[in-house]
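Residue strings, one per chain:
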Amino acid sequence: MEMLFERLARSRFRSRFRLGMKERDYLDTKGRAVIESHATDFVRQRLAPAQPKNDGRQTPMRGHPAFVAQHATATCCRSCLAKWHGLPAGRALTEAEQARVVGVMMEWIDRQTGDRR
């Protein structure tokens, strides 16, 4: 995963994302476990299907820590998953792939908050 984060850091677009006060407050209020649960739901509903609804436009840019993490880690749409993570579009993501995507998102959130698990 470290190589992925090094590549993301070199991307001008990906590296500009940070958790804002609204997202940090939400994380502090709800807790990491709830955010991870939400991230799991977002991935299952918005990314896992072979043909996601509104693919390429299904992930808001802010408003939830998981949304910011998705853009920062290139886990926001199927074309980004294909380009950055080698997960081809046009087929449903397996449960293991979904877990990997959520793991990347949560690692980014942990790095943002200084929570190095």
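Below is a summary of the structure that appears in this document. (Residues numbered from 1 in each chain as written. Predicted model: local features only at pLDDT ≥ 70, side-chain atom pairs only at ≥ 80, totals over all residues. Heavy atoms only, no water.)

## Some points on the overall build of the chain
- Counting secondary structure elements, the chain contains 7 helices and 0 strands.
- Listing every helix and strand of the chain by position from the N terminus yields α-α-α-α-α-α-α.
- What you see for the chain is a C-alpha radius of gyration of 13 Å, in line with the 13 Å of a compact globule of 117 residues.
- Across its three principal axes, the chain shows a C-alpha extent of roughly 35 × 30 × 25 Å. (Helix = DSSP H or I, 4+ residues; strand = E, 2+ residues; numbered from the N terminus. Rg over C-alpha atoms; globule rule 2.2 N^0.38 Å.)

## Things to note about the packing of helix 1 (residues 2-10) against helix 7 (residues 95-113)
- Contact pair helix 1 / helix 7: the axes reach a minimum separation of 12 Å and the direction vectors enclose 65°. The orientation of helix 1 with respect to helix 7, classified from their angle, is roughly perpendicular. Helix 7 is crossed by helix 1, and the crossing has right-handed handedness. Of the residues in helix 7, those touching helix 1 at Glu2, Leu4 and Phe5 are Val104, Glu107, Trp108 and Arg111.
- Of the residues contributing to the contact of helix 1 with helix 7, the split by class is 4 nonpolar, no polar and 3 charged. (Axes fitted to C-alpha atoms, helices over the stretch in contact; angles between N-to-C directions. Parallel < 35°, antiparallel > 145°, perpendicular 65-115°, else oblique. Left-handed = near helix turned anticlockwise from the far one by under 90°. Contact = heavy atoms within 4.5 Å. Nonpolar A, V, L, I, M, F, W, Y, C, P; charged D, E, K, R; others polar.)

## Looking at the packing of aromatic side chains
- Going through the model one piece at a time under the given rule, you end up with 2 aromatic pairs.
- Ring geometry for Phe13 versus Phe17: centroids 5.2 Å apart, planes at 85°, classification edge-to-face.
- Cation over ring: Arg16 sits above Phe17, and NZ or CZ is 5.0 Å from the ring centre.
- One Lys or Arg, Arg111, reaches over the ring of Phe5 and ends 4.1 Å from the middle of that ring. (Phe/Tyr/Trp six-rings, centres within 6.5 Å; stacked < 30°, edge-to-face > 60°. Lys NZ or Arg CZ within 6 Å of the ring centre and 35° of its normal.)

## Details of the side chain of Glu107
- Topologically, Glu107 is positioned in helix 7.
- Here the side chain of Glu107 touches Arg111 through a polar contact of 2.8 Å, side chain to side chain. (Polar contact = N/O pair within 3.5 Å; in protein donor to acceptor, adjacent residues only side chain to side chain.)

## Observations concerning helix 4 (residues 32-46)
- When the terminal C-alpha atoms of helix 4 are compared, their 20 Å separation across 15 residues agrees well with the 21 Å that a helix rising 1.5 Å per residue should span.
- Looking only at helix 4, the buried set comprises Ile35, Ala39, Phe42 and Val43. Taken around the axis of helix 4, the buried residues stretch over an arc of 95°, which confines them to a single face. Along helix 4, the residues that are exposed and aim more than 90 degrees away from the buried face are Ala33 and Gln45.
- Those residues of helix 4 that are buried are in contact with helix 3 (21-30), helix 5 (65-72) and helix 7. (Expected span 1.5 Å × (residues − 1). Buried < 20%, exposed > 50% of the residue type's maximum accessible area, 1.4 Å probe, protein only. Arc of directions from axis to C-beta.)

## Concerning the nonpolar core
- Counting 32 residues, the largest nonpolar core has Val101, Met105, Trp108 and Ile109 as the members making the most contacts within it.
- Elements with a minimum of two residues in this core: helix 1, helix 4, helix 5, helix 6 (78-85) and helix 7.
- If you tally residues by element for this core, the top one is helix 7, at 7 residues. (Core = buried A, V, L, I, M, F, W, Y, C linked by side-chain atoms within 4.5 Å.)

## Overview of the packing of helix 3 against helix 4
- In the contact formed by helix 3 and helix 4, the axes pass within 6 Å of each other and the chain directions differ by 110°. Between helix 3 and helix 4, the angle is such that the two are roughly perpendicular. Contact residues: helix 3 offers Tyr26, Leu27 and Lys30, while helix 4 offers Arg32, Val34, Ile35 and His38.
- Counted by class, the contact of helix 3 with helix 4 contains 4 nonpolar, 1 polar and 2 charged residues.

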